[in-house]
Amino acid sequence: MSPQPQAAVGAPLSRVDGRLKVTGQADYAADRPQARTTSLGGTPIIQGVVHAVVVDSSIAVGRITAIDTTAAEAQPGVLRVITHLNAPTLPYRDNAGSNNPPGRRLRVFQDDRVLFHGQPVAVAVATTLEAAQHAASLVQVTYDAQDSSTDISAPDNPTNTPQTYTRGDAQTALASAAVRLEMTYRPARNHHNPMEPHATTARWDGDQLTVWDKTQWVIGGTQTELAAVFGIPVASVRVIAPFVGGGFGSGLRTWPHVTVAALAARETGRPVKLVLTRRQQYFGAGYRPAYEYAVRLGSDGNGRVTAMTHDIRSETSTYENFAERGILPLGQTLYNTPNVSQTYRTVPLDVNTPVAMRGPGFATAAYAIESAMDELAHELGIDPIELRLRNEPEADPSNGQAFSTRRLRDCYTTGAREFGWSARNPTPRSTRDGDWLIGTGMATGMYHTLRAAAQASVRLDADGTALVQSATIDMGPGTYTSMTQVAADGLGLPMRRVTFRLGDSVMPNAPLHGGSLTMASVGSAVQNGADQLRQQAIQLAVGDEQSPLYGADANSVVVQSGRMYVSGDPSRGETYERLLARNSRDSLEVLGSYSPAQSRFTIDAYAAVFAEVAVDARLGLVRVRRMLGVYDAGRIISPKLADSQALGGMVGGIGQALLEHTVTDHRDGRIVNANLADYLVPVNADVPDLRAIYLDGEDREADPIGVKGLGEVVLVGVAPAIANAVFHATGRRVRDLPITADALL
Ligand code: MOS
């Protein structure tokens, strides 16, 4: 078959939705009722929207002994105050599919029990936001508080049943190792803090529920969960999310406030808008759990790591067991270590349940493992890159499978060259710039290439434009743009004649928007649909006596700028429009699909991350001076969007390494820095010169469009690269994240 020309894929295009976003026309969940219909969908103005404000508990654990709503209900404009005393019983059918971890999920207003500080205990619904806020402030809740436990490092914490992994005999190998190291790393709890707060607008039309929601999964997530909670058919719930202002994983579950909004709408008979405050995000929507990660390393004198043990603990809630799936794989696959032992325990605490956050599991494991490798390199006097090369496996050491593509060696070499690694003096605290100690560090990143079944409808209209739809999400990576690129090339249309729509549960099914699987999965479905549709048009033409393409070999026909022609003979062809007009066809339409194939290979994306820091020796201040990431992520569909991912990942990693720390008052479980003034994230002044390099190539074993996923791997390895640079600058090894000034004084 003649190859279809590629014009859009691989081009550094700007976002097709960029103008809508910067002109305020993009349509977010809390924009009701003002939202307008735009070229990317959107929905009509909703009439009569009222406002809901959640009252949350001020104790961590205990019982509600009384709730007085009299004053609140007496306020003008207040429609209803709902508490466990007057709420209807909700079915809460089991729904393990939509990212609900094992356990019994929080059931809003179903009983008097409080399980964590900030749990919703009432909601005030009023005709204005101000009236609802005021009413919420007047709700008087009396508690019988019990002792709470919210500190993962408290002694004698009970733990859930551990997950374990063993190969070889790590204990014996450690005992005979020439060099043994033992360290415990403690990365802090982090919160996603997307710019857009979590918000839901809910409306009932009879038995039909429509929600406009901030979510990363319209069908398998919000739609199935609301159906389960209210005990109604999935088809009775429609979920709409055309724009999501950042997620980082916080939208991977349907949190209690979504149910609160839908319940308030049902109880008042009005469309209800509910926006969590920034403070409420901190216990309303999950977080990256705090960890204690103990590593023991055994090595021979040449840096060959013979044994590694990982004893890992992370926090979860008392009502659900959130165990991170991504915490164990890195320790099994990254290095060719014959003896590995892993034990992972979750610690149930009186907190709300954690959730995946960017690079989930892998980012935490990489912090511990890549810090430990740096410690070993220093102990042995071996260059950190050389140490990694000496432990680089030829095949997946966890199962013997070949790697589809694994170009970590190229990542290291390219990174070392471009970063100027050879100029490094390996001795810690050896390089100064005035009062600043200068250090460089590197670390490795890896993330599984996840794929899931996806569909996309593709319709070509008589005017030569195309509409492509899939119920995926764009939380920021540029799904609108990248899918338009894939569709445009597959159809042979210019970008401006293709519209991609997403974020509506009535569209063809798509998996959760997370785990870096959207491009691979939805992208492959879009490509499949575009290829099918192009072939359908070509078949129509070559069988049409009136077509200049009549009788041509369909395999030789390609399409460019909406014109089908014989490859090598551009004069013989015609446009889609002429073909459809002559055949009296309004449109052609197909359903593209993708389902992941079983593979004999291990398929992962890789990164090598390099950082230079400056540390003020007297003040303990750490400034990142420059960073470089080199990525083996398969084919890059959209280089400009890829840079947004990679640079954003580095910024997130700067936060994880140096700034981000959710602080809990363990007396009452209150998060004390539940705002963006006290929970520090990198600002422009914290973000230096960042550079990303993508190794050319593609991985057809991964998926038909050859991508390995990018959004997660770009975070993995950033924090340890910075931490290793801080050690190199100062000679001080800090094993807690974030690394704050006090630890360096
Ligand atoms: Mo990402 S943590 O899978 O949204």
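- The protein chain carries the name Xanthine dehydrogenase family protein molybdopterin-binding subunit in an unreviewed UniProt entry, which gives Streptomyces coacervatus as its organism.

### Regarding the overall build of the protein chain
Okay, so step 1: Looking only at helices and strands, the protein chain has 16 helices and 30 strands in total.
Okay, so step 2: Its C-alpha atoms give the protein chain a radius of gyration of 27 Å, within 12% of the compact-globule value 27 Å for 745 residues.
Okay, so step 3: Along the three orthogonal principal directions, the C-alpha set of the protein chain runs to about 80 × 70 × 50 Å.
Okay, so step 4: The proportion of buried residues among the 745 residues of the protein chain is 62%.
Okay, so step 5: The contacts of the protein chain with a sequence gap of at least 6 include a subset with a gap of at least 24, amounting to 80%.
Okay, so step 6: Looking at the protein chain as shown, the accessible area adds up to about 27,100 Å², and 48% of this sits on carbon and sulfur atoms.

### Describing the pairing of strand β26 (residues 622-632)
Okay, so step 1: Of all eleven residues in β26, eight are buried, a share of seventy percent or more.
Okay, so step 2: Between strand β25 (residues 604-616) and β26, which pair antiparallel in sequence order, lie five residues; one of them, Gly620, sits at a positive phi of approximately 75°.
Okay, so step 3: Direction of pairing for β26 relative to strand β29 (residues 689-694): parallel, over a ladder of six bridges. Residue pairing across strands places Gly629 opposite Ala692, the latter belonging to β29.

### Examining the nonpolar core
Okay, so step 1: Core analysis: the largest hydrophobic core is formed by 88 residues, its most contacted members being Val613, Met627, Tyr631, Leu658 and Ile722.
Okay, so step 2: Sorting elements by how many residues they give to this core places helix α9 (residues 362-380) first, with eleven residues.
Okay, so step 3: Beyond its immediate stretch of four places on either side in the chain, Val613 contacts Leu437, Ile438, Gly439, Val622, Arg623, Val624, Arg625, Ile722, Ala725, Val726 and Ala729.
Okay, so step 4: By size, the runner-up hydrophobic cluster in this structure holds 50 residues, among which are Val526, Ala552, Ala554 and Val566.

### Here we look at the sheet that holds strand β23 (residues 569-575)
Okay, so step 1: Taking strand neighbours across the sheet as the criterion, the three strands line up as β21-β22-β23 in an open arrangement whose pairing is antiparallel. The open sheet has two free edges, formed respectively by β21 (557-560) and β23, since each of these has just one partner strand. The average angle at which neighbouring strand axes cross in this sheet is 35°, direction not considered.
Okay, so step 2: Where β21 and strand β22 (residues 563-566) come together, four bridges link them in antiparallel fashion. Within β22, the position partnered with Val559 by the bridge is Met564.
Okay, so step 3: Against the sheet, helix α13 (residues 518-542) makes contact with β21, β22 and β23, and its axis sits at roughly 120° relative to β21, the strand it touches most.

### Describing unusual backbone geometry
Okay, so step 1: Cis geometry marks the peptide bond from Leu737 to Pro738; its omega dihedral reads -5°.
Okay, so step 2: Positionally, Pro738 belongs in the segment after β30 (736-737).
Okay, so step 3: Within the chain, Ser516 stands out as a residue other than glycine whose phi angle is a positive 55°.
Okay, so step 4: Locating Ser516 in the fold gives a position in the loop between β20 (498-501) and α13.
Okay, so step 5: For Ser516, a relative accessible area of 14% puts it in the buried group.

### As for the side chain of Gln485
Okay, so step 1: One can find Gln485 in helix α12 (residues 479-491).
Okay, so step 2: With sequence-adjacent residues up to four places away left out, Gln485 is seen in contact with Ala8, Val9, Gly10, Ala11, Leu13, Met495, Ile637, Ser638 and Leu641.

### Things to note about the sheet that holds strand β6 (residues 140-145)
Okay, so step 1: Spatial ordering of the open sheet is given by β4-β2-β6, a layout of three strands whose pairing is antiparallel. What marks the edges here is a single partner per strand, and that holds for β4 (113-114) and β6.
Okay, so step 2: As paired strands, strand β2 (residues 62-68) and β6 are joined by six bridges and run antiparallel to one another. The residue bridging Gly62 from the neighbouring strand is Ala145, located in β6.

### Notes on the side chain of His117
Okay, so step 1: Along the chain, the position of His117 falls in the loop between β4 and β5 (120-126).
Okay, so step 2: For His117, a relative accessible area of 8% gives the class buried.
Okay, so step 3: Polar contacts involving the side chain of His117 include one to the main-chain carbonyl oxygen of Asp668, which spans 3.2 Å.
Okay, so step 4: Once residues within four sequence positions are removed from consideration, His117 is found in contact with Ser57, Ser58, Ile59, Ala60, Phe283, Asp668, Gly669 and Arg670.

### Topic: the pattern of salt bridges
Here the idea is simple: oppositely charged side chains can pair when their charged atoms come close.
Okay, so step 1: Taken as a whole and assessed by the stated rule, the structure comprises 35 salt bridges.
Okay, so step 2: Note that Glu370 is salt-bridged to Arg388, the shortest N-O span being 2.6 Å. A residue pair is termed long-range when its members are at least 10 positions apart, and Glu370 in helix α9 and Arg388 in helix α10 (residues 384-390) qualify at 18 residues. Each member of the pair Glu370 and Arg388 is classed as buried.

### Observations concerning the packing of helix α5 (residues 218-230) against helix α6 (residues 256-268)
Okay, so step 1: α6 packs onto α5 with a crossing angle of 55° between their chain directions and a minimal axis gap of 11 Å. Viewed along their axes, α5 and α6 adopt a mutual orientation that is oblique. Read as a crossing pair, α5 and α6 show a hand that is right-handed. Residue-level contacts link Thr222, Leu226, Val229 and Phe230 of α5 to Val258, Thr259, Ala262, Leu263 and Arg266 of α6.
Okay, so step 2: Its residues assigned to classes, the contact of α5 with α6 comprises six nonpolar, two polar and one charged.

### Notes on the environment of Leu658
Okay, so step 1: Note that Leu658 resides in helix α15 (residues 639-659).
Okay, so step 2: Take Leu658: its relative accessible area is 10%, and that puts it in the buried class.
Okay, so step 3: Sequence separation between Leu658 and Ala719 is 61 residues; the distance between their C-alpha atoms is 8.2 Å.

### Notes on the packing of aromatic side chains
Okay, so step 1: Taken as a whole and assessed by the stated rule, the structure comprises eleven aromatic pairs.
Okay, so step 2: When the ring of Tyr185 is compared with that of Tyr367, the centres are 5.5 Å apart and the planes differ by 75°; the resulting orientation is edge-to-face. Note that Tyr185 is positioned in strand β8 (residues 179-187) and Tyr367 in helix α9, a separation of 182 residues in sequence.
Okay, so step 3: Taken together, Tyr28, Phe243 and Tyr480 form an aromatic cluster joined through their ring pairs.
Okay, so step 4: Across the ring face of Trp204, the terminal group of Arg266 is positioned such that the distance to the ring centre comes to 5.8 Å.

Rules used throughout
Residues numbered from 1 in each chain as written. Predicted model: local features only at pLDDT ≥ 70, side-chain atom pairs only at ≥ 80, totals over all residues. Heavy atoms only, no water. Helix = DSSP H or I, 4+ residues; strand = E, 2+ residues; numbered from the N terminus. Rg over C-alpha atoms; globule rule 2.2 N^0.38 Å. Buried < 20%, exposed > 50% of the residue type's maximum accessible area, 1.4 Å probe, protein only. Contact = heavy atoms within 4.5 Å. Areas by Shrake-Rupley, 256 points an atom, 1.4 Å probe, with all protein chains shown as cover. Pairing = 2+ DSSP bridges. Core = buried A, V, L, I, M, F, W, Y, C linked by side-chain atoms within 4.5 Å. Axes fitted to C-alpha atoms, helices over the stretch in contact; angles between N-to-C directions. Polar contact = N/O pair within 3.5 Å; in protein donor to acceptor, adjacent residues only side chain to side chain. Salt bridge = Lys/Arg side-chain N within 4 Å of Asp/Glu carboxyl O. Parallel < 35°, antiparallel > 145°, perpendicular 65-115°, else oblique. Left-handed = near helix turned anticlockwise from the far one by under 90°. Nonpolar A, V, L, I, M, F, W, Y, C, P; charged D, E, K, R; others polar. Phe/Tyr/Trp six-rings, centres within 6.5 Å; stacked < 30°, edge-to-face > 60°. Lys NZ or Arg CZ within 6 Å of the ring centre and 35° of its normal.

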